[in-house]
Structures are given as C-alpha cells and as structure tokens.
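Here are the chains, one letter per residue:
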Amino acid sequence: MVASLHDFIASAHVFTPELPLFGCAIPAGFPSPADDHLDAPLDLTRHLFRHPASTFLARVSGDSMIGAGIHPGDLVAVDRALRAAHGSIVVAVVEGEHTIKRLQMRAGHAWLVAENPRYPPLAVDHSVGLVVWGVVTHVIHALGGGQPTG
Amino acid sequence: MYALVDCNNFYVSCERVFAPQLEGRPVVVLSNNDGCLIARSDEAKALGLKMGEPYHLVRPLLEQHRVRVFSSNYGLYGDMSRRVVQVLSRFAVGVEVYSIDEAFLDFRGMGLLEKDLHAYGVRVRDTVKQHTGIPTCVGIAPTKTLAKLANKLARRLGTNGVTLFEHPDQWQQVLAQTPVEEIWGVGRRYAKKLYDLGICTGAALAAMPEHWMRRHLGGVVGQRLWRELHGQPCLEWNPAQWDDDDHLHPAASGRHSVACTRSFGRPQHDAAVLSEAVATFAAKAAEKLRKNGLAAHLVTVILGTSRFAAGPDPSTHTAVVSLPGASYDVSVLTQAALRGLHRLRRPGVAYCRAGVVFSGLETAGQKQLGLFAGTAPDQQRSQRLMATLDGLNAKFGRQLVRLAAAGAAKKPDGKPREPAWAGRSAHRSPLYTTVWDELWQLR
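Residues numbered from 1 in each chain as written. Chains lettered and ligands numbered in written order. Predicted model: local features only at pLDDT ≥ 70, side-chain atom pairs only at ≥ 80, totals over all residues. Heavy atoms only, no water.

### Section: the overall build of chain B
Thinking step 1. Along chain B, the regular secondary structure elements total 15 helices and 15 strands.
Thinking step 2. When the backbone C-alpha atoms are referred to their principal axes, chain B occupies close to 65 × 55 × 55 Å.
Thinking step 3. Taken over 443 residues, chain B has a buried fraction of 46%.
Thinking step 4. Expressed as a percentage of contacts within chain B between residues at least 6 apart in sequence, the contacts between residues at least 24 apart total 65%.
Thinking step 5. Counting only carbon and sulfur atoms, one obtains 53% of the accessible surface of chain B, whose full area is about 22100 Å².
Thinking step 6. A distance of 5 Å separates the average location of the 55 positive side-chain charges in chain B from that of its 40 negative side-chain charges. (Helix = DSSP H or I, 4+ residues; strand = E, 2+ residues; numbered from the N terminus. Buried < 20%, exposed > 50% of the residue type's maximum accessible area, 1.4 Å probe, protein only. Contact = heavy atoms within 4.5 Å. Areas by Shrake-Rupley, 256 points an atom, 1.4 Å probe, with all protein chains shown as cover. Lys, Arg positive; Asp, Glu negative; His and termini not counted. Charge placed at Lys NZ, Arg CZ, Asp CG, Glu CD.)

Printed below as a string of structure tokens:
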C-alpha cells in the first residue's frame, strides 16, 4: 500500500515537467490542430497545496483519527498559514508532542477530540493555552489493489 | 529603505519546528562531521557555550546540562530556508538571499504604501513565524549596512524583534555604542588598523572624512562604507529570481567560485576512496555550476591533512587544472579533478578533508570555443546530457544518477550506501521535509 502511495506521489512529480508544450516536429505535413490548445499538464501539488511554503507533509502512524478517514500510513498535508476554527482537524502541540486531532469549541473551552472512541477527548489546559502547529488540509490515502499491466 | 531579516539561531529553530519539546531547552548543532558547535539556542549560549568550540572538549559540559545535541542536517535547513524566503518574497518587490539564514528585502518606495514601516516589519516577522515556525529579527534602514546594524540591535533588545532607523540621529546613537569590528564590511584586518588609529566605534569611523576612508580603507570599498553609514545606499542589489515553477534562483552575479568541500569521518589514504570522494564533490559542485548557468575554466583540488599532525608540511595542499575551454560537463570536470588529485596525493599520507573548487567562471551560453573543446554537435550533446542528468537527479534526488567514479548511490539491497569517507553525523535528525523515507511522523 505504501509502495503504491509512493508511486502516486512520484507520478505527480515525475510527469509534470516532462510533457512538451509543443509536440509538433513534423517537417512536412499538417501541423497538429491541438498545438494551439496545449495547456500545461495538471500539477496535483499545486492544486492541493494553496500555500506551498507553509505546507508540510507528514505520515500518520496512529489510529486516533480513523473516523475522519485518516488511517495509519496515510499522508496528510498540514498548512501553517491557515487559522484553525471549530471543527478543523489540526496538528496541536500537547506536552511537547505533536498530535493530530479535531478542534472543538464547547462552552468557550477548547477540546482536542479524537475520531476513535478508544481515545478520550482532551481539554486544552487554560494555563498553557492551545498551541496549533497547523491545520490539516488533505489526507492522501492509498487504496492499493490492482496489478500492473504490460 | 532595506530590511534585513535574520533567522534566530536558525539551525536550532529548524530542529525545534519538528520537535516542540526542545522549546526552552538548551540545544546545539554540530558542524559537518560532528566537529564543533555551529549553532546554539539562547539557553545554550547562556551556559557559556561558544561558537566554534570543539565538540569533544565541551562534551562534559553538554552532558552535565543535558544539552540536546544535533549533527547538522543541511537537507532540512536548506528546505526551511527556501520556505522562509518564499514567504518573505510576498512582502517586497525583491529579495536578496544573503546566506542560508539571512535575506535582504527591497523596501525602496515602501514608505508610500505603508505608513508605519515598523508595524510592517512586525507583520513580516509574525508571518514568517506563523507560516514556517522560524523566529526572525528584522532591521529596517536606508542602507544595507545600516539594516544589518538595526538587525543586530533588534536581536539584542529582544523586544518585538524589529528595529527601524528612519532618522540619522537614530543610527548615530547606535553607532556610538557599536565597536568598529561589528560594522558590516569592516574585516578583522581593518578593525585592527582602526583600533591602532584610535577609531574604536562605528560613530568614530563615520565621523572620518569620506576621502580618508577612500584612502585608508580599500579605495572605493571604503568610500562605499562611508556612504552606507551616512544613509546613502551604494551597495549592489542582487535579487533572487523566481522561475515559473516558483523555484528560487539566487543571484549568480558576483560569484567567483563554486565549491564543494568536506571533512572525512576518518582520515583516508586509500587512492580509490579519495578518488570517489573527489569525484563526488566535483559532481556536486558541477551541479551547482549548472544551476547558476555558469561554466568554469579552472578546477582546483584541495586535500587537507590533520592540522595537528607532526611534520613540516602545511596541512592544506592544492592543485589547479585548467581546462581547454570553460565547461559545466560533469565528465569533463570530474576528469580534471581526478587529474588534480593524482598530482596531489602522496602515497601513505592520510587526508582528513578534500574539496573541489571551480573558478574562472563565465556564463554558460557565452563560452568561448577552445581549440580542443570539441565541435558544436559535441557541445550540444553535452548540454542535452547534462540537462537530462539534472532532470533525473532533481526527480529522484541525492545524485542517484552519477558517474561511476563517484561510487554507487545505493547498495545492492537498495539501501543508501554510505561512502567510506562519509563524515560522522551521529545525531542527525530525520530529513523531515525532503526525503520520503524520513518524512515527519504524526501520531
């Protein structure tokens, strides 16, 4: 599963700069009618990451967010340029460690809530305050399956 | 106006972004090969640890105070530096990358857009911290030299990390309290000369007549310094260029050489190991050359023995090989470097460091055809080959495609192969942001 995930990311990188903008090199013949319409290939990185300078990829190792579709081994994109709001999935700093949880405001109090009943919600200590490292914007989950052809 | 943005204890700050438990604790980063201290957190500075102190000497002190020690992780620091510059580029029309942790911003005309430059500086600082996690200080002044001074002050005052010099009396006051050697552009040699003449502070220096500076401090260099200290900008401005893919290309102008040098983990005398090291450095420097659109005429090979070894020989030996024509081709440059090594190496002598320096640089496109430099089709082939090589290495990273002379990148089992000359880096943190296998982990 992880291997195919690599392939997926790699392919996003590998193919983008390669495709020629103008492919017509036929000395005699009719120019390709598509030449005037060739767009740049789709760049998934650009599409997904609005703020590349402040977006960091991380691999998730725990299962505390499984209910939000974030599985162990998944990649998440964390953007530091976004402000967390009620309901955001965030990377927070709790006792000097990073943790990925959903932020919830209840009666003026901030909670870090897991998406797995096995983990109790965590009240943010008022004296320490909430330290949000970044907001999780995407999860990249490999589905696996399929066999290479050819 | 110019702003100088300087990252605080940059290498330590990079480590802290991914290890928040290090906040408030003493942290140091070691040089290549775990030799000496090259970055210290404020807490480590407070313990009296000095820049450049040999690691093995301060080790007991580090252990006693439970100082967290890191080997340098340039992959991480380079990526974080790139991110900081990318954020900065939104705040000014031009950014000049001065070093891995410092950049100048072009604030000329900014006063028309922003009434309060100090507040704007605070915004720059807050945004860099928010977006990258890296704390900075900002100095804003009419010249680069004064911006540097303002930055130092901002760091020392530790208030909101921003200092603005708008009026001459503001910087004159600070110059009066600044030792002359702390002025940017005053080297150690000139500082000594100035002290001998009784000129000890920046203010005393600025008070000398312009023609005196011209005569005694290196001609036009001294004159420029005088003007800079009086608020008249006259240093060059070399902004970085961004390409269509948002990749940053630092200004190449003013560059006189491109180098790659390293200390070995252990002294090496084996010819094959030394060749592999020199070929590797040549390839790295050649890649840098091409990135900057340059070609080199001269290849210098450096071999260093231990500075502490007994014997009459100097510890650094160099050999220069000149090429028939300027080149950026890795095979041409590697061959030249290996020839230099062959000339230089003495059998049985153990070397601690090696390096390759390319000089006699010119812009790649304009290069003159040498008599033996090959015909135009040859050159076109070389150009295409190098473009393909750089493309592949950009994709797969870490010089995966290389000349055999530089040794294999991977072991037969596919794991990265550590060359015999590789330096010690016993305490390196993961390459959190640039290598898939070492990616930042979240629980």
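### Considerations on the overall build of chain A
Thinking step 1. The secondary structure content of chain A amounts to 2 helices and 7 strands.
Thinking step 2. Start at the N end of chain A and walk to the C end: the helices and strands fall as α-α-β-β-β-β-β-β-β.
Thinking step 3. When burial is assessed residue by residue, chain A has 34% of its 150 residues classed as buried.
Thinking step 4. Relative to all contacts within chain A whose residues are 6 or more apart in sequence, the contacts with residues 24 or more apart total 53%.
Thinking step 5. When the accessible surface of chain A is totalled, it reaches about 9100 Å², and 61% of it is carbon and sulfur.

### Here's the deal with the packing of aromatic side chains
Two aromatic rings, taken as a pair, are described by how far apart their centres are and by the angle between their planes.
Thinking step 1. Overall, the coordinates contain 16 aromatic pairs over all chains when judged by the stated rule.
Thinking step 2. A centroid spacing of 5.6 Å and a plane angle of 90° characterise the contact between B:Tyr11 and B:Tyr74, whose relative ring orientation is edge-to-face. Of this pair, B:Tyr11 sits in helix α1 (residues 10-17) while B:Tyr74 is found in helix α4 (residues 74-88), placing the two residues 63 residues apart along the sequence.
Thinking step 3. Given the relative accessible area of 36%, B:Tyr74 is considered partly exposed.
Thinking step 4. Residues B:Tyr11 and B:Tyr77 carry aromatic rings whose centres are separated by 4.4 Å and whose planes lie at 10° to one another, so their mutual orientation is stacked. Taken together, the residues B:Tyr11 in helix α1 and B:Tyr77 in helix α4 connect sequence positions 66 residues apart. Neither B:Tyr11 nor B:Tyr77 differs from the other in exposure class; each is buried.
Thinking step 5. Taken together, the ring pairs in this structure connect A:Phe56, A:Trp133, B:Phe18, B:Tyr432 and B:Trp440 into an aromatic cluster.
Thinking step 6. The ring of A:Trp111 carries the charged tip of A:Arg106 above its face, separated from the ring centre by 5.5 Å. (Phe/Tyr/Trp six-rings, centres within 6.5 Å; stacked < 30°, edge-to-face > 60°. Lys NZ or Arg CZ within 6 Å of the ring centre and 35° of its normal.)

### Focus on the state of the cysteines
Thinking step 1. On inspection of all chains with the given rule, the structure shows 0 disulfides over all chains.
Thinking step 2. There is no disulfide at B:Cys352, and the cysteine sulfur nearest it, in B:Cys36, is 14 Å away. (Disulfide = S-S within 2.5 Å.)

### Considering the domain arrangement of chain B
All names here are of chain B.
Thinking step 1. Partitioning chain B into structural domains gives domain 1 (8-75), domain 2 (84-230) and domain 3 (258-367 + 374-406).
Thinking step 2. Counting residues at the interface gives 9 residues for domain 1, matched by 9 residues for domain 2.
Thinking step 3. Summed over both partners, the interface of domain 1 with domain 2 buries about 770 Å², with 57% contributed by carbon and sulfur atoms.
Thinking step 4. Ranking the residues of domain 1 by area buried against domain 2 places Asn8, Phe10 and Val17 at the top, with a combined share of 68%.
Thinking step 5. Taken together, the links from domain 1 to domain 2 amount to 1 salt bridge. (Domains from an automatic or database assignment. Buried area = accessible area lost by both parts, 1.4 Å probe. Salt bridge = Lys/Arg side-chain N within 4 Å of Asp/Glu carboxyl O.)

### A short note on the side chain of B:Ser13
All names here are of chain B.
Thinking step 1. Along the polypeptide, Ser13 turns up in helix α1.
Thinking step 2. A relative accessible area of 7% means that Ser13 is categorised as buried.
Thinking step 3. Excluding anything up to four places from it in sequence, Ser13 contacts Asn8, Ile134 and Pro135.

### Re the interface of chain B and chain A
In many analyses, interface size is given as the accessible surface area lost on bringing the parts together.
Thinking step 1. Taken residue by residue, the interface counts 26 residues in chain B and 29 residues in chain A.
Thinking step 2. Approximately 2500 Å² of surface area, both sides summed, lies buried where chain B meets chain A, with 58% of it carried by carbon and sulfur atoms.
Thinking step 3. Scanning the region where chain B abuts chain A turns up 1 salt bridge.
Thinking step 4. Across the pair B:Arg443 and A:Glu97 runs a salt bridge, and its minimum N-O distance is 3.3 Å.
Thinking step 5. Across the contact surface, chain B and chain A share 12 residue pairs in polar contact (both at pLDDT 80 or more).
Thinking step 6. Contributions of two or more residues to the side of chain B that touches chain A are made by α4, α6 (117-132) and β15 (441-442) of chain B.
Thinking step 7. Grouping the amino acids of the side of chain B that touches chain A by side-chain chemistry returns 10 nonpolar, 8 polar and 8 charged.
Thinking step 8. Sheet analysis places strand β1 (residues 55-60) of chain A next to β15(B), joined by 2 bridges and oriented parallel. Note on β15(B): the bridge partner recorded for A:Val60 is B:Leu442. (Polar contact = N/O pair within 3.5 Å; in protein donor to acceptor, adjacent residues only side chain to side chain. Nonpolar A, V, L, I, M, F, W, Y, C, P; charged D, E, K, R; others polar. Pairing = 2+ DSSP bridges.)

### Section: the side chain of B:Thr178
Thinking step 1. Looking at where B:Thr178 falls in the secondary structure, it is placed in the loop between α8 (168-176) and α9 (188-196).
Thinking step 2. Looking at B:Thr178, its side chain comes within polar contact range of the main-chain oxygen of B:Val174, at 2.7 Å.

### Considerations on the sheet that holds strand β8 (residues 162-164) of chain B
All names here are of chain B.
Thinking step 1. With mixed pairing, 5 strands are arranged side by side in an open sheet as β5-β6-β1-β7-β8. At either end of the open sheet lies a strand with only one pairing partner, and these are β5 (95-99) and β8. Geometrically, the sheet is characterised by an average inter-axis angle of 15° between neighbouring strands, direction not taken into account.
Thinking step 2. Examined bridge by bridge, strand β7 (residues 136-141) and β8 share 3 bridges and lie parallel to one another. Among the inter-strand pairings, Ile140 is bridged to a residue of β8, identified as Leu164. (Axes fitted to C-alpha atoms, helices over the stretch in contact; angles between N-to-C directions.)

### Concerning the pairing of strand β2 (residues 27-30) of chain B
Residues and elements named next belong to chain B.
Thinking step 1. Side chains of β2 alternate between two faces, with Val27 and Val29 and Val28 and Leu30 buried alike.
Thinking step 2. Where β2 and strand β3 (residues 37-40) come together, 3 bridges link them in antiparallel fashion. Residue pairing for β3: Val29 is matched across the bridge by Ala39.
Thinking step 3. Joining the antiparallel neighbours β2 and β3 is a turn of 6 residues, in which Asn33 adopts a positive phi near 70°.

### So, unusual backbone geometry
Thinking step 1. Residues other than glycine seldom take positive phi values, yet A:Ala107 does so here, at roughly 50°.
Thinking step 2. Along the polypeptide, A:Ala107 turns up in the loop between β4 (97-106) and β5 (109-113).
Thinking step 3. Residues other than glycine seldom take positive phi values, yet B:Arg66 does so here, at roughly 50°.
Thinking step 4. Among the secondary structure elements, B:Arg66 is positioned in the loop between α3 (55-64) and β4 (68-71).

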